[in-house]
Amino acid sequence: MAMSMDEIILLAREMKCSDIHISEGLPLKFRIHGKLREVGVELSDKEVVNCIKEIMSPEQIEEFDNGNDVDFAYESSDGNRQRVNVFRYMKGAAATIRLLNNTIPSLDSLGLPPVLGKLAAEPRGLILVTGPTGSGKSTTLAAMIDSINKSKSTHILTIEDPIEYVYREGKATVHQREVGKDVKSFAGALRSALREDPDIILVGEMRDYETIAAALTAAETGHLVLSTLHTTGAAQTIDRIIDACPPEAQNQVRTQLAGILKGVITQCLMPNPTGDGRFVATEILIGTDAVLNMIRENKCHQLNTTMQSGAMFGMHTLNGDLTRLIKEGKITKETALEYSNDRRDFENFLY
């Protein structure tokens, strides 16, 4: 008997899976502790298409049938939410489904450094959480927003695509807006945000110059702005933001960043030696006077040295944290080398 998508999702949760890959012409696979595995569930191509379309609205099916990829959030029968991307490839329809936690974990339970709690308590400025896809950026941001929600009587506005974690009522007033449903674009929502009296603004992703410019303006005008980028280091993050801007705007953006940046958190999730769990490694850059001067003077290549010597401010490099995890027996040297963003420097840390 064919399985429904809900049954597949429930099975994936039982197996501690983070992502489901369901495709015409390919076996069903789950990502478990970072590795893709076949799960022995056989589905015909027709069953795959039925599974995918049963969780889509008529409007989403129409959009997909018109040749577009479709992103949305889906709540399964157990009350948990999933982030879904439906797309076409050479053999037919496919979907990737990210399983989300129903409850938002605390920063402590995620094994993240205490300095993240201090950053979340900042009254204004820009905080960036970066890392590759599947590194837990959304969860870290949700934990930071939830810590504010539980501790401050404030107005939090989120702009997401799609909405992943739903915040329960705490001390804060939280308005969550979904791009494509509640608002047309990140940049449009950010422009409106300044008229909606927010204290904290979460921007799901800084995708383009228009969104970056609007986010920087929001941070400059006294708001705390949190966002994500797909970069693998603090210096690379600063460079990516500046490079995304037109040449004539780059100096202004560099100056803006030097005035508002509070911190950059880079993270990656790595398997433990037994392959039945994962640990997080982080790189933390804090917007100290020295760091902001380097950004202003276009000396981002010197940021690594500042992070290495900035432990008193809560800073460390990714290689420094990878070395710590090796010494604690949580990951192997081979795993650390795979995830390092500067392999030559990593060898210097070890020896």
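Computed from a prediction, not measured in an experiment: that's the story for all the values here. (Residues numbered from 1 in each chain as written. Predicted model: local features only at pLDDT ≥ 70, side-chain atom pairs only at ≥ 80, totals over all residues. Heavy atoms only, no water.)

Undergrad: Explain helix 9 (residues 250–260) to me, using residue names and the numbers behind them.
TA: Within helix 9, burial applies to Val253, Arg254, Gln256, Leu257, Ala258 and Ile260. Lining the buried residues of helix 9 we find strand 7 (125–130), helix 7 (209–220), helix 8 (234–243), strand 12 (261–271) and helix 10 (289–296). (Buried < 20%, exposed > 50% of the residue type's maximum accessible area, 1.4 Å probe, protein only. Helix = DSSP H or I, 4+ residues; strand = E, 2+ residues; numbered from the N terminus. Contact = heavy atoms within 4.5 Å.)

Undergrad: Describe helix 10, and please don't skip the residues or the numbers.
TA: For helix 10, the full list of buried residues reads Val291, Leu292, Met294 and Ile295. With its buried residues spanning 155° around the axis, helix 10 presents them on a single face. Contact partners of the buried residues in helix 10: helix 8, helix 9, strand 12, strand 13 (278–286) and helix 11 (303–308). (Arc of directions from axis to C-beta.)

Undergrad: If you had to explain the pattern of salt bridges to someone new, which residues and values would you point to?
TA: Counted by the stated rule, this structure contains 15 salt bridges. The partner of Arg207 in a salt bridge is Asp161, with the nearest N and O atoms 3.2 Å apart. Pair noted here: Arg207 is in the loop between strand 10 (200–203) and helix 7 and Asp161 is in the loop between strand 8 (155–160) and strand 9 (173–178), with a separation of 46 residues, a long-range link. The class for Asp161 is partly exposed, based on a relative accessible area of 22%. Through salt bridges that share partners, Asp321, Arg324, Glu328 and Lys330 make up one connected network. (Salt bridge = Lys/Arg side-chain N within 4 Å of Asp/Glu carboxyl O.)

Undergrad: So what's going on with the sheet that holds strand 1 (residues 17–23)? Residues and values would help.
TA: The antiparallel open sheet is built from six strands, whose spatial order is 3-2-1-6-5-4. Across the chains shown, the open sheet's two edge strands, defined by having one partner strand only, are strand 3 (35–38) and strand 4 (70–75). Pairs of neighbouring strands in the sheet enclose a mean axial angle of 25°, with direction left out of account. Here helix 2 (residues 45–54) sits on the sheet and contacts strand 1, strand 5 (81–89) and strand 6 (92–99); the angle it forms with strand 6, its principal contact strand, is near 50°. (Pairing = 2+ DSSP bridges. Axes fitted to C-alpha atoms, helices over the stretch in contact; angles between N-to-C directions.)

Undergrad: How would you sum up the side chain of Thr335? Please name residues and give values.
TA: Within the secondary structure, Thr335 sits in helix 13 (residues 333–339). Judged by its relative accessible area of 12%, Thr335 falls in the buried class. There is a polar contact of 2.9 Å between the side chain of Thr335 and the side chain of Thr332. Setting aside anything within four residues of it in sequence, one finds Thr335 in contact with Met270 and Pro271. (Polar contact = N/O pair within 3.5 Å; in protein donor to acceptor, adjacent residues only side chain to side chain.)

Undergrad: Help me get a handle on the pairing of strand 1, residues and values and all.
TA: The buried count for strand 1 comes to six of seven residues, which makes it a mostly enclosed element. Direction of pairing for strand 1 relative to strand 2 (residues 29–32): antiparallel, over a ladder of four bridges. Across the sheet, the residue bridging to Ile20 is Phe30, located in strand 2. Counting the residues in the hairpin turn of strand 1 and strand 2 gives five residues, including Gly25, whose phi is positive at 80°. Where strand 1 and strand 6 come together, five bridges link them in antiparallel fashion. Bridging across to strand 6, Ile22 finds its partner in Ala95.

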